Amino acid sequence: MASRLVPKVNSKEGEFQCKEKHAVLLSPVGKLEISGCETGLHEIKLPKMSVLPSGRAESAAWEVCEGAEEMTEPLKQCTAWLHAYFCQPARMASLPLPAFHHPLLQRDSFTGQVLWTLLRAVKFGEAVSYKRLAELAGNSRAARAVGGAMRSNPIPIIIPCHRVICSSGRSGHYGGGNLMKEWLLSHEKLQKEKLSS
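Residues numbered from 1 in each chain as written. Predicted model: local features only at pLDDT ≥ 70, side-chain atom pairs only at ≥ 80, totals over all residues. Heavy atoms only, no water.

A.B. asks: Explanation requested: the overall build of the chain in the structure shown.
C.D. replies: On a plain count of helices and strands, the chain comes out with six helices and seven strands. Helices and strands in the chain line up, N terminus first, as β-β-β-β-β-α-α-α-β-α-α-β-α. In the chain, which comprises 197 residues, the proportion classed as buried is 47%. A sequence separation of at least 24 residues applies to 60% of the contacts in the chain between residues at least 6 apart. Total accessible area computed for the chain in this model is approximately 10,200 Å², and 50% of it derives from carbon and sulfur atoms. (Helix = DSSP H or I, 4+ residues; strand = E, 2+ residues; numbered from the N terminus. Buried < 20%, exposed > 50% of the residue type's maximum accessible area, 1.4 Å probe, protein only. Contact = heavy atoms within 4.5 Å. Areas by Shrake-Rupley, 256 points an atom, 1.4 Å probe, with all protein chains shown as cover.)

Here it is as structure tokens:
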């Protein structure tokens, strides 16, 4: 896939250009588009699901469809992590997270704070309410702002916005669609049960 130049943040000299690379991964939930540079992962784009995948995730197709020859180290780490997430969850703990290189995650904002809190505090197979995540991020009255942060998440699945649910227990909305959110939550619950037995 073609490279393109995008602004890089987190530089003492100000903004400069980084060379963005792209890859497309075939996963149990469809094609995931990942992008990043040598510094880190920029984004994971999810497909919209109109029907739930059938079969077990461990036996589902997994391959790099496009961009394998141009992958940066953060994209390779992202690919390995996503493969483990879908197919071998027991390996996830031993894999490094890719570095992130997105302005939203590098500036001091409530959205960035919420996303980092979610990544650190809500583990595989767990769920948290918007309200509770707001409390964990330091503002118990910001449940709506947490919803906005989830909509802004550039790195879904790795930063697990699918694990944020309504206080009532309903799944709430998700950028990849509610079917995908429900599938991811079910996948994690099933895998966590397998790992603990």
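We are not done yet, so read on.
A.B. asks: Explain the packing of aromatic side chains here, please?
C.D. replies: Two aromatic rings, taken as a pair, are described by how far apart their centres are and by the angle between their planes. Within the structure shown, the criterion is met by five aromatic pairs. Each ring, one from W81 and one from Y85, has its centre 5.8 Å from the other, and the planes form 15 degrees; the classification is stacked. With W81 and Y85 both in helix α1 (residues 73-87) and four residues apart, the pair spans about one turn of that helix. By relative accessible area, W81 is classed as buried at 6%. With a relative accessible area of 0%, Y85 lands in the buried category. An angle of 75 degrees between the planes, with centres 5.7 Å apart, marks the rings of Y85 and F124 as edge-to-face. Of this pair, Y85 sits in helix α1 while F124 sits in the loop between α3 (110-121) and β6 (128-129), and the two are 39 residues apart along the sequence. (Phe/Tyr/Trp six-rings, centres within 6.5 Å; stacked < 30°, edge-to-face > 60°.)

A.B. asks: Help me understand helix α6 (residues 178-196), please; the structure alone is not making it clear to me.
C.D. replies: Residues separated by three or four positions in an α-helix point in the same direction, a consequence of the helix having 3.6 residues per turn. The first and last C-alpha atoms of α6 sit 27 Å apart over 19 residues, in line with the 27 Å expected at 1.5 Å per residue. Among the residues of α6, M180, K181, W183, L184, H187, E188 and Q191 are the ones counted as buried. End-on, the buried residues of α6 take up no more than an arc of 160 degrees, which puts them together on one face. Along α6, the residues that are exposed and aim more than 90 degrees away from the buried face are K189 and S196. (Expected span 1.5 Å × (residues − 1). Arc of directions from axis to C-beta.)

A.B. asks: What's the story with the pattern of salt bridges in this structure? I'm lost.
C.D. replies: Any two side chains of opposite charge can pair, given that their charged atoms come close. By the definition in use, this model includes three salt bridges. Between R132 and E135 there is a salt bridge, and its shortest N-O distance comes to 3.2 Å. Residue R132 and its partner E135 are located together in helix α4 (residues 130-136), separated by three residues, close to a single helical turn. Of the residues examined, R132 reaches a relative accessible area of 41% and is grouped as partly exposed. A salt bridge links R163 to E188; its shortest N-O distance comes to 2.8 Å. Here the residue R163 occupies a position in the loop between α5 (143-152) and β7 (164-165), and E188 occupies one in helix α6, the gap between them amounting to 25 residues. (Salt bridge = Lys/Arg side-chain N within 4 Å of Asp/Glu carboxyl O.)

A.B. asks: Help me understand the environment of P103, please; the structure alone is not making it clear to me.
C.D. replies: For P103, the location among the structural elements is in helix α2 (residues 103-106). The exposure class of P103 is partly exposed, given its relative accessible area of 33%.

A.B. asks: What should I look at first to understand the nonpolar core in this one?
C.D. replies: A general feature of soluble globular proteins is that nonpolar side chains tend to end up buried together. Core analysis: the largest hydrophobic core is formed by 49 residues, its most contacted members being I34, L41, L82, F86, L118, M150 and I158. For this core, the element with the highest residue contribution is α1, accounting for eight residues. When sequence neighbours within four positions are dropped, the list of residues in contact with M150 reads V114, L115, L118, Y130, L133, C161 and V164. (Core = buried A, V, L, I, M, F, W, Y, C linked by side-chain atoms within 4.5 Å.)

A.B. asks: Whenever I open this one, the pairing of strand β3 (residues 30-36) confuses me. Can you help?
C.D. replies: Pairing between β3 and strand β4 (residues 41-45): four bridges, direction antiparallel. Bridge pairing in β4 places G36 opposite L41. The turn linking β3 back onto β4 is made up of four residues. (Pairing = 2+ DSSP bridges.)

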